[in-house]
Amino acid sequence: MMLPAEGSTPDYWTDTELERLRALLGSCPRSLGTVTAAAKSWLLFAETRLHRAGNGLAPDVDGLLVWSCAFKSAGTFSNYVSALRTACEARGRRARALARNAPGAKVLRLNADCFGAREVGRARAAISKRNPRERPEKRYLLHDDLLRLLPHVADPTLRALYIRCFAFALRLPSEGLGIAVHRADPSQRFVFSNEELRAKATQARLAVGERSATLHLSRRKNAPHPCKVTRDCWCTECQATCPVHAPMAALGRVPTGALPFVGLRRELKDGAIKPQPVVVRQLRSAARTAGIPDPEGLTSKCLRRGHAETVRRAGGRLSDSLRAGGWSARAFKEYLDRPELECAATR
């Protein structure tokens, strides 16, 4: 079964149900697309594979067990089961039509017991056994690696992007490509409008001063509220990768408020931001020329991971935070705002 692509589809829900969903989703409002996709996926499966209709479309243990066989990833199945439960909660405890103007009665009734059943948990474990997969090695580019490959990157805009994403530990697609550069006092406060805060793409404003640069983000993956990250000049340790001066030297004269990396991104139909192929292609090409092992295994995430690994090797205690995966631990958040450790990492 092909799972539908995630996307925000407000027309799929009534106004009341949308309000219930917003209350249920809380700090994760962007999960609306996942909830909608899970509901559609279950209905399609129940109608076409289980041959159910009417009240029979309500999820139950047996149906979820059969549904699990359509998944190749245990994590995806677990996420869809959780999203389907949220969809049922949005419909309320009474039977309701699931889609507007849909032929026939499509009903989802909340049955909390089936979602937490032991059999469903065992079905999730069985997916991993049926589809064993070796986790790919998580590659990273250390500071020394970045220093070696930068001279082989012909495009100055790409050089500036790589330095920014490494120095600020950015997720390149969602946080790095949308940076707007401002020559301003780094201590200046930027206020994001309500429209910018609700936008699907992260809004990023970089205030560059003489000795430091501060990046203001409308949100991060594990921080749905506005936040900022400051980096001091480290020209005395490594002028080529200084987050304050090296990118500005590569970009030349940039008008205040300009988006120097906007041409390197592409927007998908569901609103997601992805980098142009040239971003990763040039990274791999430069690494190959610089003699870095296995350049074909590099991705845009290698810069962010390399930043953390470089700091760890310099003595930063980030192991617990990195193990968490999302870098949401308090220790790592505190580290992100300690520019003095950045200089130590480049020595």
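Located above this text is the structure these notes cover.
Below is a short write-up of the structure. Everything quoted here is computed from the prediction, not taken from an experiment.

## Topic: the sheet that holds strand β3 (residues 212-217)
Right, so step 1: Taken together, four strands build an open sheet; the order of strands is β1-β2-β3-β4 and the sheet is mixed. Each edge of the open sheet is held by one strand with a lone partner, namely β1 (179-183) and β4 (227-232). Strand-to-strand twist of the sheet, defined as the mean angle between neighbouring strand axes without regard to direction, takes the value 20 degrees.
Right, so step 2: Where β3 and β4 come together, six bridges link them in antiparallel fashion. Directly across from Ala213, in β4, lies its bridge partner Arg231.

## Observations concerning the packing of helix α2 (residues 32-48) against helix α3 (residues 61-68)
Right, so step 1: With their axes 11 Å apart at the nearest point, α2 and α3 run at an angle of 95 degrees to one another. Overall, the two elements α2 and α3 adopt an arrangement that is roughly perpendicular. When α2 is examined against α3, the residues Ala38, Ser41, Trp42 and Phe45 are found in contact with a partner set consisting of Gly63, Leu64, Val66 and Trp67.
Right, so step 2: Among the residues forming the contact of α2 with α3, the class breakdown is six nonpolar, two polar and no charged.

## What about helix α1 (residues 15-25)?
Right, so step 1: For α1, the complete set of buried residues consists of Glu17, Leu18, Leu21 and Leu25. Looking down the long axis of α1, one finds its buried residues gathered within 100 degrees of arc, a one-sided arrangement. Residues of α1 that are exposed and angled more than 90 degrees away from the buried face: Asp15, Thr16 and Ala23.

## Structural notes on the packing of aromatic side chains
Right, so step 1: Considering all chains together, one arrives at six aromatic pairs under this definition.
Right, so step 2: The interplanar angle of 65 degrees and the centroid separation of 5.9 Å between the aromatic rings of Phe71 and Tyr80 together place this pair among those described as edge-to-face.
Right, so step 3: Of the residues examined, Tyr80 reaches a relative accessible area of 5% and is grouped as buried.
Right, so step 4: An aromatic cluster is defined as three or more aromatic residues linked by ring pairs; in this entry it consists of Trp42, Trp67, Phe71, Phe77 and Tyr80.

## Comments concerning the pairing of β1
Each regular strand shows side chains that alternate between the opposite faces of the sheet.
Right, so step 1: Burial analysis of β1 places four of its five residues in the buried class, the great majority of the element.
Right, so step 2: Relative to strand β2 (residues 204-208), β1 is paired through five bridges, and the arrangement is parallel. Residue Arg183 lies in a different strand from β2, and its bridge partner there is Val208.

## Here we look at the nonpolar core
Right, so step 1: Counting 49 residues, the largest nonpolar core has Leu149, Leu161 and Tyr162 as the members making the most contacts within it.
Right, so step 2: Mapped by element, the contributors of at least two residues to this core are α7 (143-149), α8 (156-167), β1, β2, β3, α11 (246-251), α12 (277-290) and α13 (301-313).
Right, so step 3: Considering every element that reaches this core, the biggest residue donor is α8, with eight residues.
Right, so step 4: Here Tyr162 is in contact with Leu146, Leu150, Val153, Val278, Val279, Gln282, Leu283 and Leu303, once residues within four sequence places are set aside.

## A closer look at the pattern of salt bridges
If charged atoms from side chains of opposite charge come close, those side chains can pair.
Right, so step 1: Taken as a whole, this structure holds seven salt bridges when the rule is applied.
Right, so step 2: Here Arg171 makes a salt bridge to Glu175, at a shortest N to O gap of 3.2 Å.
Right, so step 3: Assessed through its relative accessible area of 1%, Glu175 is described here as buried.
Right, so step 4: With a shortest N-O distance of 2.2 Å, Arg288 and Glu296 are connected by a salt bridge.
Right, so step 5: Note on Arg288: relative accessible area 44%, which makes it partly exposed.
Right, so step 6: A relative accessible area of 44% means that Glu296 is categorised as partly exposed.
Right, so step 7: The network of salt bridges with shared partners includes Arg171, Glu175 and Arg220.

Cut-off values and rules
- Residues numbered from 1 in each chain as written.
- Predicted model: local features only at pLDDT ≥ 70, side-chain atom pairs only at ≥ 80, totals over all residues.
- Heavy atoms only, no water.
- Pairing = 2+ DSSP bridges.
- Helix = DSSP H or I, 4+ residues; strand = E, 2+ residues; numbered from the N terminus.
- Axes fitted to C-alpha atoms, helices over the stretch in contact; angles between N-to-C directions.
- Parallel < 35°, antiparallel > 145°, perpendicular 65-115°, else oblique.
- Contact = heavy atoms within 4.5 Å.
- Nonpolar A, V, L, I, M, F, W, Y, C, P; charged D, E, K, R; others polar.
- Buried < 20%, exposed > 50% of the residue type's maximum accessible area, 1.4 Å probe, protein only.
- Arc of directions from axis to C-beta.
- Phe/Tyr/Trp six-rings, centres within 6.5 Å; stacked < 30°, edge-to-face > 60°.
- Core = buried A, V, L, I, M, F, W, Y, C linked by side-chain atoms within 4.5 Å.
- Salt bridge = Lys/Arg side-chain N within 4 Å of Asp/Glu carboxyl O.

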